[in-house]
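Spelled out from the first residue to the last, the chains are:
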Amino acid sequence: MADASCRILCTGDLHLGRYPSRTQSRDRAWAVDSAWADTVSYAVEQAVDVVALTGDVVDDQNKRYEALGPLQRGLRRLEEASIPVVAVAGNHDFDALPRLAEMVEAEHFHLLGRGGEWSTVTVAPEGRSPVQFVGWSFREAHEQDAPVESFPDGRLRDDAPTVGLLHADLNAPESVYAPVSLGALRQCPVSAWLLGHIHAPSLRDDRSPLVLYPGSLQPLDPSEPGPHGLWRVEVVPDGTSTAVQLPRAPLRYEHLEVDVDAIDDEGAVEAAVTDAMRDRLRTAREEGSRVQYQKDGVPASPPSMPPPGHRGRYHMSLRDLLAGTEDSERALVDAILQEARSLHRDLERKERSLRRLRRDEVEAVLRRICDRAPTLEDGSPTETKDGST
């Protein structure tokens, strides 16, 4: 049906060429190029109408050759499936992405807004409503002017809904990364804004026009906690749009706080930390992250609580929990494990301080006893009648 909605698979801030930091493993499944390959596979499997990339596809200029292979393989596969790709360049790839666009062999790859000039392209999926995309790209690493000031209202089609692509800093007027305001975006005649630059996924406004930061496809460091992945955006012929997050990232960072100040028993600390870990994993599963316990490659129940009172068994249980989790999901446990180790370091410091305190107390008592004991002129202790000293 020609009036069916256009299905857009949106992501941004891939930073091809980067690898997530502070992970104990160098599992290739966590590399950004693997997450991009998964995105391509999902787009083909779901037969989406278009893939939208909101800038910083490449990490920086020095990484463009490393990014060329993964980017070209993905674009070629999408082209074979007749899925066009629309993109804009951000502050990290303002120079690299235009060069890559000239190097890749993909007719259906459209880089919008080159040289800081707004440009458009219309995608007309067979049997679905056409959608016009309008986008603006960075010219330099820093852009202090607001790009919406030159938005091309008069050049837009009036017979199809429009989706805007922009790599920009929202509601940050002093920013040097293309500052824009929510109010200015809402005044533009578009059905949806798909933004890049902010790595935290966020649907800033679900009214028309929808304003979405899809966030980084793959979290790159612990400052990017929570679920990451793709967003499915649908635009109907009347311009109404909706967005749903698809948390497919194989890596997830989490910060876990466990209050152990009131706990004196080591076994109780172990139980509190392990319980908190299991609760966080359960929450991640409910949020849609692909967390699954496995044993010998077969889904299994989570490992049981370790017996209290033995730190070695406690750490072994954490390692078992890490090993028992699906390879592509270990990072969630990895991040929590780091917090657990930090807690244990605090506990060990408390124990050492307590031992020093007790030793100091004993030495003080001995000094007082010695000070009160009668001595000879040469400093030797005197002998009592029963021969004791």
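Scoring rules and cut-offs
Residues numbered from 1 in each chain as written. Predicted model: local features only at pLDDT ≥ 70, side-chain atom pairs only at ≥ 80, totals over all residues. Heavy atoms only, no water. Helix = DSSP H or I, 4+ residues; strand = E, 2+ residues; numbered from the N terminus. Buried < 20%, exposed > 50% of the residue type's maximum accessible area, 1.4 Å probe, protein only. Contact = heavy atoms within 4.5 Å. Areas by Shrake-Rupley, 256 points an atom, 1.4 Å probe, with all protein chains shown as cover. pLDDT = per-residue confidence, 0-100. Lys, Arg positive; Asp, Glu negative; His and termini not counted. Salt bridge = Lys/Arg side-chain N within 4 Å of Asp/Glu carboxyl O. Polar contact = N/O pair within 3.5 Å; in protein donor to acceptor, adjacent residues only side chain to side chain. Arc of directions from axis to C-beta. Pairing = 2+ DSSP bridges. Axes fitted to C-alpha atoms, helices over the stretch in contact; angles between N-to-C directions. Core = buried A, V, L, I, M, F, W, Y, C linked by side-chain atoms within 4.5 Å.

Tallying secondary structure elements over the protein chain gives 7 helices and 16 strands in all. For the protein chain, with 389 residues in total, the buried portion stands at 48%. Put simply, 68% of the contacts in the protein chain that link residues at least 6 apart link residues at least 24 apart. Roughly 19,000 Å² of accessible area belongs to the protein chain as shown, and the carbon and sulfur atoms make up 47% of that amount.

Moving on: the confidence of the model for the protein chain. Looking at the protein chain, the pLDDT average stands at 79 and 71% of residues meet or exceed 70. Below pLDDT 50 for its whole length, residues 290-330 participates in 85 contacts with residues either more than four positions away or in separate chains. In the model, residues 374-389 has pLDDT below 50 throughout and makes 9 contacts with residues more than four positions away in sequence or in other chains.

Summarising the element assignment, D169 is placed in strand β8 (residues 169-170). No salt bridge forms around the buried D169; measuring N to O, its nearest opposite-charge neighbour R204 is 6.9 Å away. Of the polar contacts made by the side chain of D169, one reaches the side chain of S175; its length is 2.8 Å. With near-sequence residues (within four places) excluded, D169 lies in contact with S175, Y177, A178, P179, V180, H197, I198 and Y213.

Our focus in this paragraph is helix α3 (residues 96-103). Those residues of α3 not exposed but buried are A96, L97, L100 and A101. All buried residues of α3 lie within an arc of 135 degrees about the axis, which places them on one face of the element.

The mixed open sheet is built from 6 strands, whose spatial order is β4-β3-β2-β1-β13-β14. Whereas interior strands pair on both sides, the edge strands pair on one side only; in this sheet they are β4 (109-111) and β14 (241-246). Each neighbouring strand pair of the sheet contributes to a mean axis angle of 20 degrees, computed without reference to strand direction. In terms of strand pairing, strand β2 (residues 50-53) meets strand β3 (residues 85-87) through 3 bridges, oriented parallel. Considered in β3, the bridge of V51 is made with V85.

Along the chain, the position of L68 falls in helix α2 (residues 64-80). Here the alpha-carbon distance between L68 and G17, two residues 51 residues apart in the chain, equals 9.4 Å.

What follows is about the pattern of salt bridges. Scanning all chains against the criterion turns up 12 salt bridges. Two residues, D49 and R7, come together in a salt bridge whose shortest N-O distance is 3.2 Å. Remark: R7 occurs in strand β1 (residues 6-11) and D49 occurs in the loop between α1 (32-46) and β2; sequence separation between them is 42 residues. Looking at D49, the relative accessible area reads 8%, which means it is buried. Since its relative accessible area comes to 15%, R7 is described here as buried. Several salt bridges converge on common partners, so that one network encompasses R7, D49 and R128.

Most of strand β6 (residues 131-136) sits inside the fold, with 6 of its 6 residues counted as buried. As defined by bridge partners, strand β5 (residues 119-123) adjoins β6 across 5 bridges and the pair is classed as antiparallel. The residue of β6 that forms the bridge with T120 is V134. Bridge count between β6 and strand β7 (residues 162-167): 5 bridges; the pairing is parallel. Across the sheet, the residue bridging to G135 is L165, located in β7.

Read across the sheet, 6 strands follow the order β5-β6-β7-β10-β12-β11 without closing on themselves; strand pairing throughout is mixed. Edge positions in the sheet fall to β5 and β11 (202-205), since each of these pairs with one other strand and no more. Taken pair by pair, the neighbouring strands of this sheet meet at an average axis angle of 20 degrees, ignoring direction.

Another aspect to go through is the pairing of strand β13 (residues 230-235). Here β1 pairs with β13 via 5 bridges, running antiparallel. Considered in β13, the bridge of R7 is made with E234. The sheet contact formed by β13 and β14 spans 6 bridges and is antiparallel. In the sheet register, E234 faces β14, and the bridge partner there is T242. The hairpin formed by β13 and β14 contains 5 residues between the paired strands, and G239 there has a positive phi angle of roughly 95 degrees.

Take the nonpolar core next. By size, the foremost hydrophobic cluster in this structure holds 35 residues, and its most contacted members are W36, V51, L71 and F109. Every element with two or more residues in this core is listed here: α1, β2, α2, β3, α3 and β4. For this core, the element with the most residues is α1, which contributes 6 residues. Ignoring sequence-local partners within four residues, the contact set of W36 consists of L14, L16, L53, P70, L71, G74, L75, L78 and L217. Membership of the second largest hydrophobic core comes to 22 residues, among which are I8, V50, V131 and L212.

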